[in-house]
Amino acid sequence: MKKKTVTSVAALAAIASGLVLAPTAFAGGASHGDAELHAMLSPVPTSKVTGSGTAMVHLKGNQATVTIKAQGLLAGAPHAQHFHIAGKGQCPPASAAKMHNGHLSLNTTDGLPFYGKIGASLTTSGDTGADHSALAVERFPMGASYTYQRTITVDDETAKELRAENAVVVVHGIDFNGNGKYDNVLGASDLDPKLPAEATDPALCGPLKMSPAGAVAGGMGGTQNADTIALSAAAASGLLAAAGGALYLRRRSSRQS
């Protein structure tokens, strides 16, 4: 009987340990809760951009705190940047490029089937809508490299697309012919004929994907949610205490008999 009791305690201990050690994958962002997203920004094919960047988004309801770090862009020039939504949630491939003013290049319209329409304009101040601020040149970051951070309010559709991982960050403005300025080498912009295409063509692009929210490193190379770990630890302690109590009562009963 004593052997069986010890075995039972060991089994409970193993179960309790499993509750603590089993890694729990946690996908950040419920349908209306907080969500953490990130993107690696890479050069758009045929843009002749060699830059790179990162984007981080913390979404709470419809409030999006956006941090973008970009480098390797045209110096001394503004760079429009947006959330694009409702497409395929992808950056355009080289095969999407077309001939523009005699050069194979990829303008904003060419990329629309992949990254979709503008959901929000990531301006430095003022309005962030797609209608009035898509080309608000004076209110976008400038320079070869920059760090952008701002909290904005996005509409319901954009918030939904962000949570569905169907949003893409696109940074615009290229120097196709390498002469250090936006000019008409690719003709007029497809978005505004008053601007050169170089000023609005996509330069860097990256799909936004969920990051683990509130997670810590797990034992088997996975991640665990801190609340889950605490609950599991409490459950394990309870099971071990119960097992220990059962063993004590069993031993006491055996001694008395």
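Residues numbered from 1 in each chain as written. Predicted model: local features only at pLDDT ≥ 70, side-chain atom pairs only at ≥ 80, totals over all residues. Heavy atoms only, no water.

Structural notes on the overall build of the protein
Within the protein, the secondary structure is distributed over six helices and 13 strands. Counting every position in the protein, which comprises 257 residues, the buried fraction comes to 42%. Expressed as a percentage of contacts within the protein between residues at least 6 apart in sequence, the contacts between residues at least 24 apart total 71%. Of the roughly 12,900 Å² that the protein leaves accessible, carbon and sulfur atoms contribute 58%. (Helix = DSSP H or I, 4+ residues; strand = E, 2+ residues; numbered from the N terminus. Buried < 20%, exposed > 50% of the residue type's maximum accessible area, 1.4 Å probe, protein only. Contact = heavy atoms within 4.5 Å. Areas by Shrake-Rupley, 256 points an atom, 1.4 Å probe, with all protein chains shown as cover.)

Focus: the pattern of salt bridges
The tally for this structure, following the rule as stated, stands at four salt bridges. Between Asp34 and Lys60 there is a salt bridge, and its shortest N-O distance comes to 3.7 Å. Here Lys60 lies in strand 2 (residues 52-60) and Asp34 lies in the loop between helix 1 (2-21) and strand 1 (35-43), a separation of 26 residues in the sequence. Owing to a relative accessible area of 36%, Asp34 belongs among the partly exposed residues under this scheme. (Salt bridge = Lys/Arg side-chain N within 4 Å of Asp/Glu carboxyl O.)

A few points about the side chain of Asp183
The residue Asp183 is located in the loop between strand 9 (167-172) and helix 5 (197-200) in this model. Comment: no salt bridge for buried Asp183; closest opposite-charge side chain is Lys181, at 5.6 Å. For Asp183, the side chain forms a polar contact with the side chain of Asn179, separated by 2.5 Å. Separated by 3.1 Å, the side chain of Asp183 and the backbone nitrogen of Val185 make a polar contact. (Lys, Arg positive; Asp, Glu negative; His and termini not counted. Polar contact = N/O pair within 3.5 Å; in protein donor to acceptor, adjacent residues only side chain to side chain.)

So, the state of the cysteines
Across all of its chains, the model carries one disulfide by this definition. One disulfide bridge connects Cys91 with Cys205, the sulfur atoms lying 2.1 Å from each other. One disulfide, between Cys91 and Cys205, carries an S-S torsion of -95° and so falls in the left-handed class. Here Cys91, found in the loop between strand 4 (81-85) and strand 5 (98-100), pairs with Cys205, found in strand 10 (residues 202-207); they are 114 residues apart in sequence, far enough to count as distant. (Disulfide = S-S within 2.5 Å.)

Some remarks on the confidence of the model for the protein
In low-pLDDT regions, the fine details of the predicted coordinates are not to be read closely. In this model, the protein carries an average pLDDT of 81, and 70% of its residues clear a pLDDT of 70 or more. For the stretch residues 214-249, pLDDT sits under 50, and the model shows 46 contacts to residues farther than four places along the chain or on other chains. (pLDDT = per-residue confidence, 0-100.)

Some words on the packing of aromatic side chains
Under the defined criterion, the tally for this structure stands at zero aromatic pairs. Against the face of Phe176 rests Lys48, its NZ or CZ located 4.4 Å from the ring centre. (Phe/Tyr/Trp six-rings, centres within 6.5 Å; stacked < 30°, edge-to-face > 60°. Lys NZ or Arg CZ within 6 Å of the ring centre and 35° of its normal.)

Notes on helix 2 (residues 108-115)
Given 3.6 residues to a turn, an α-helix orients residues that are three or four positions apart in the same direction. Three or more residues of helix 2 are buried, namely Thr108, Asp110, Gly111, Phe114 and Tyr115. Looking straight down helix 2, one finds its buried side chains confined to an arc of 145°; they lie on one side. With a side-chain oxygen lying 3.1 Å from the backbone nitrogen of Thr109, the N-terminal cap of helix 2 falls on Asn107. (Arc of directions from axis to C-beta.)

Re the nonpolar core
Membership of the largest hydrophobic core comes to 35 residues, with the highest contact counts inside it found for Leu41, Val66, Ile68, Leu73, Phe83, Val154 and Leu208. At the level of elements, strand 1, strand 2, strand 3 (63-71), strand 4, strand 8 (146-153), helix 4 (156-163), strand 9 and strand 10 are the ones that each hand at least two residues to this core. Excluding anything up to four places from it in sequence, Leu208 contacts Leu37, His38, Ala39, Ala55, Val57, Phe83, Leu162, Glu165, Ala167, Val168 and Val169. (Core = buried A, V, L, I, M, F, W, Y, C linked by side-chain atoms within 4.5 Å.)

Remarks on helix 4
Three or more residues of helix 4 are buried, namely Thr158, Ala159, Glu161, Leu162 and Arg163. Of the surrounding secondary structure, the elements contacted by the buried residues of helix 4 are strand 1, strand 2, strand 4, strand 7 (117-121), strand 9 and strand 11 (209-210). Trailing helix 4 by a residue or two, Glu165 shows a phi angle of about 55°, which is positive.

Some remarks on the environment of Ala94
Within the secondary structure layout, Ala94 lies in the loop between strand 4 and strand 5. For Ala94, a relative accessible area of 47% translates into the label partly exposed. In this structure the C-alpha to C-alpha distance between Ala94 and Leu106, which are 12 residues apart in sequence, comes to 7.9 Å.

Here we look at unusual backbone geometry
Phi at Lys48 takes a positive value of approximately 60°, unusual for a residue other than glycine. Of note, Lys48 is situated in the loop between strand 1 and strand 2. Overall, Lys48 belongs to the exposed group, its relative accessible area being 58%. We note that Asn101 has phi near 55°; this positive angle belongs to a residue other than glycine. Looking at where Asn101 falls in the secondary structure, it is placed in the loop between strand 5 and strand 6 (103-105).

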